[in-house]
Amino acid sequence: MIQMLSYPFMQHAVIAGTLIAVMSGTLGWFMVLRRQIFAGHTLSTMSFPGATAALVVGIPLAMGYYVACICAAIAIGWRAPTRHLTGPLSSARIGTIQVVGFATGFTLLGYSTHILGGLDQLLFGTFLGIDRTQLIILIAMTCVVVVIIACIGRPLVFASLDPELAEAVGLPVRALDIGFLILLGVVVAATAQITGALLVFALLVTPPAIAQRLTARPAQGMIVSAGIGVALIWLSLICAYFSVYPLGFFTTSIGFAVYVIVVVVQRSASGLRAVHV
Amino acid sequence: MAGESHHTGSPSALVRVSHGTVVRGTSTIWSDLNLEVFPGEFTAILGPNGSGKSTLLQVLLGRMPLAGGSAEVIGAAPGARRADIGYLPQHRAITAAERIRAIDIVGLGLTGARWGFRIPGTGTAEARRERAQIHEALDLVGASHYAQRAFGELSGGEQQRILIAQAIVRKPAFLLLDEPLDSLDLPTQASVVALIREVCTHQQIGVLLVAHDVNPLLTALDQVLYIANGHALQGAVDQVITSSQLSALFGMPIEVLTAADGRRVVIGTPDAPHHHGHRHSDGHGHG
């Protein structure tokens, strides 16, 4: 196991995985709080058209991921000042954006011949071949995301829970809405490079879902969520290193198993309490 | 008498609206509205649906301009002293906040709008003061024993108490409550009204409460502002909610029946009867 870490590619994978787990665990906590899981999922699928577009245009894949996710975040988050994001048509709009993203991705796939072999990687992820540049970008990004969340955390919790009152006390709720989605888009794009477009959710939803069951304190919830994400990615890396199955398989299965265990333990605990009372 | 007091009102009124007119698009919501609220005074804003009750709150919060007349809130233009106003909006997404502790919801009322973060180990005196303020608000509404529980697990009445604690945690001079009794059952309504009355008297906070039914409030109110048909009437309940006053206000025959216990039934208003959606009772049966 120690030997596993002597390979540079595994060192890179562990560092990158840790950073990504911290970012997606934190932002995922807000995403679950804000009930924007469908929006998050749509953002995660945007890395597919983003990557194919990047190949066709001839820019780095990662750039395609980021541009596509940020554009989609703006498209989802844009709203009239008087409307709230949770209006009846908002999920229909998000769904439409998702479909357009998929269609664009597949259409562009036709123009590009050399991506076909990599489609698996694009969808299900790879932890091999993370280079130094990617790593430096990830380190910088994690620092930026953590500082931003630390600075806007309180107002963002307020605006997420209670947009009416937050607006009444003068918080820029609209800017927070769209700013959060852009931040989420950036993190999703980064995460998708490792977990693949389809399995971003393993790190974005499962850790916060578990954390919200474990604690009702906001700051603690974010930290627990990030911690679970980190543990999850480390375990998955170990499993993936010693087996032939892809990383995403382990991340999703282990995450799901932990979630089920927490639910079952909590159910039986509250069941016991009910019997005693 | 109270209806005339805007001419000579003492300068310490928390809210003073004189001949206020609000126009939305081409239609006038109401005009020539006069209102005065003093510290420790509990005023209900009544009237049929769509008469512009919530609009008045928006004016006082500085979120909607007057087309005519003048308004002053805590001695300044509406919106200028926003930090000194506790506000409880009507329909809020927050009741769905399942997994946040009640005490954190109250905390948002104090520090929710603060940007940045406190470096661990610094500002502990301030943090302690804030914590004390939050606990004081929780004590005041009698919610301390469930403050550590998740907000979404609380009953409708308990949630309303937490939200009132959130609105008063900054020790505001003035409290605006938009339909706080909506979707609560009758015993819970009575206990929330008693709480608001207590806060109003003991903290010397001026309270403006929007309601569609005066009866749960009767024993607690100092005065009402009845808005209907684009006009408004301010005064004590037994001065304003009478057959002759309301008939004049609506411009059609209205009958007010008074029951033996003082409850009033207004008959003949053009408003459709309002059906309550019941949430939970203010039950103490939680284990």
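Analysis parameters
Residues numbered from 1 in each chain as written. Chains lettered and ligands numbered in written order. Predicted model: local features only at pLDDT ≥ 70, side-chain atom pairs only at ≥ 80, totals over all residues. Heavy atoms only, no water. Helix = DSSP H or I, 4+ residues; strand = E, 2+ residues; numbered from the N terminus. Buried < 20%, exposed > 50% of the residue type's maximum accessible area, 1.4 Å probe, protein only. Contact = heavy atoms within 4.5 Å. Areas by Shrake-Rupley, 256 points an atom, 1.4 Å probe, with all protein chains shown as cover. Buried area = accessible area lost by both parts, 1.4 Å probe. Salt bridge = Lys/Arg side-chain N within 4 Å of Asp/Glu carboxyl O. Axes fitted to C-alpha atoms, helices over the stretch in contact; angles between N-to-C directions. Parallel < 35°, antiparallel > 145°, perpendicular 65-115°, else oblique. Left-handed = near helix turned anticlockwise from the far one by under 90°. Core = buried A, V, L, I, M, F, W, Y, C linked by side-chain atoms within 4.5 Å. Nonpolar A, V, L, I, M, F, W, Y, C, P; charged D, E, K, R; others polar. Phe/Tyr/Trp six-rings, centres within 6.5 Å; stacked < 30°, edge-to-face > 60°. Lys NZ or Arg CZ within 6 Å of the ring centre and 35° of its normal. pLDDT = per-residue confidence, 0-100. Pairing = 2+ DSSP bridges.

### Looking at the overall build of chain A
On a plain count of helices and strands, chain A comes out with 13 helices and 0 strands. Each helix and strand of chain A, ordered N terminal to C terminal, gives the series α-α-α-α-α-α-α-α-α-α-α-α-α. Looking at the 277 residues of chain A, the share that counts as buried comes to 52%. Considering only residue pairs separated by 6 or more positions, chain A has 77% of its internal contacts joining residues 24 or more positions apart. Counting only carbon and sulfur atoms, one obtains 73% of the accessible surface of chain A, whose full area is about 12,500 Å².

### Looking at the interface of chain B and chain A
Each partner contributes to the interface: chain B provides 27 residues, whereas chain A provides 28 residues. Here chain B meets chain A over a buried area of about 2,400 Å², counting both sides, of which 62% is carbon and sulfur. When the buried area of chain B at its contact with chain A is split by residue, Arg99(B), Leu108(B) and Trp115(B) rank highest and sum to 26% of it. The tally of links between chain B and chain A comes to 1 salt bridge.

### Some details on the packing of helix H4 (residues 156–168) of chain B against helix H5 (residues 186–202) of chain B
All names here are of chain B. Where H4 contacts H5, the axes come no closer than 10 Å and their chain directions differ by 15°. The angle between H4 and H5 falls in the class roughly parallel. In this structure, the crossing between H4 and H5 has a hand that is right-handed. In contact with Gly157, Gln160, Arg161, Ile164 and Ile168 of H4, H5 contributes Thr188, Ser191, Val192, Leu195, Ile196 and Val199.

### Considerations on the nonpolar core
Core analysis: the largest hydrophobic core is formed by 156 residues, its most contacted members being Ile162(B) and Phe174(B). What Ile162(B) contacts, discounting residues up to four positions off in sequence, is Ala102(B), Ile105(B), Val106(B), Leu138(B), Ala143(B), Tyr146(B), Phe151(B) and Leu154(B).

### Overview of the packing of helix H3 (residues 47–57) of chain A against helix H5 (residues 90–111) of chain A
Residues and elements named next belong to chain A. With their axes 8 Å apart at the nearest point, H3 and H5 run at an angle of 30° to one another. As far as their axial angle goes, H5 and H3 are roughly parallel. In terms of crossing hand, the pair formed by H3 and H5 is left-handed. Touching Phe48, Pro49, Thr52, Ala53 and Val56 of H3 are Gly101, Phe102, Thr104, Gly105, Phe106, Leu108, Leu109 and Tyr111, all from H5. Broken down by class, the residue content of the contact of H3 with H5 amounts to 9 nonpolar, 4 polar and no charged.

### Side note on the packing of aromatic side chains
Residue and element names in this part refer to chain A. Within this structure, the stated rule accounts for 11 aromatic pairs over all chains. Taking 5.3 Å as the distance between ring centres and 85° as the angle between the ring planes, the aromatic pair formed by tryptophan 29 and phenylalanine 30 counts as edge-to-face. The pair tryptophan 29 / phenylalanine 30 is uniform in exposure class, with both members buried. Judged by centre distance (5.7 Å) and plane angle (50°), the ring pair of tyrosine 245 and phenylalanine 249 falls under tilted. Using a relative accessible area of 51% as the deciding quantity, one classes tyrosine 245 as exposed. Judged by relative accessible area, phenylalanine 249 falls into the partly exposed class, the value being 43%. Linked through ring pairs, Tyr7, Phe9, Tyr241 and Phe242 together constitute an aromatic cluster. In this structure, arginine 174 packs its charged tip against the face of tryptophan 78, placed 5.1 Å from the ring centre.

### Topic: the confidence of the model for chain A
In this model, chain A carries a mean pLDDT of 86, and residues with pLDDT of at least 70 account for 88%. Ranking the helices and strands of chain A by mean pLDDT puts helix H11 (residues 206–214) of chain A first, with 94, and helix H6 (residues 119–124) of chain A last, with 68.

### Observations concerning the sheet that holds strand E1 (residues 15–24) of chain B
Residues and elements named next belong to chain B. On the basis of which strands lie adjacent, the open sheet formed by 3 strands has the order E2-E1-E4 and antiparallel pairing. The outermost strands of the open sheet, each flanked by one partner alone, are strand E2 (27–37) and strand E4 (68–73). Across this sheet, the average inter-strand angle for adjacent strands is 30°, counted without regard to direction. Where E1 meets E2, 7 bridges bridge the pair, whose relative direction is antiparallel. Looking at the pairing, valine 23 lines up with threonine 28 of E2. Together, E1, E2 and E4 form the strand contacts of helix H1 (residues 53–60), whose direction differs from that of E2 by roughly 65°.

### Quick notes on the sheet that holds strand E7 (residues 206–210) of chain B
Hydrogen bonds along the backbone pair up the strands of a sheet, which may run parallel or antiparallel. Residue and element names in this part refer to chain B. In space, the 6 strands of this open sheet follow the order E5-E6-E7-E3-E8-E9, with mixed pairing throughout. Every interior strand has two partners, whereas the edge strands, strand E5 (85–88) and strand E9 (231–235), have only one. Neighbour to neighbour, the strand axes of the sheet diverge by 15° on average, direction disregarded. Across 4 bridges, the pairing between strand E3 (residues 42–46) and strand E8 (residues 223–228) is parallel. In the strand pairing of E8, isoleucine 45 is matched with leucine 225. This element, helix H7 (residues 243–250), spans E8 and E9 of the sheet and lies at about 35° to E8.

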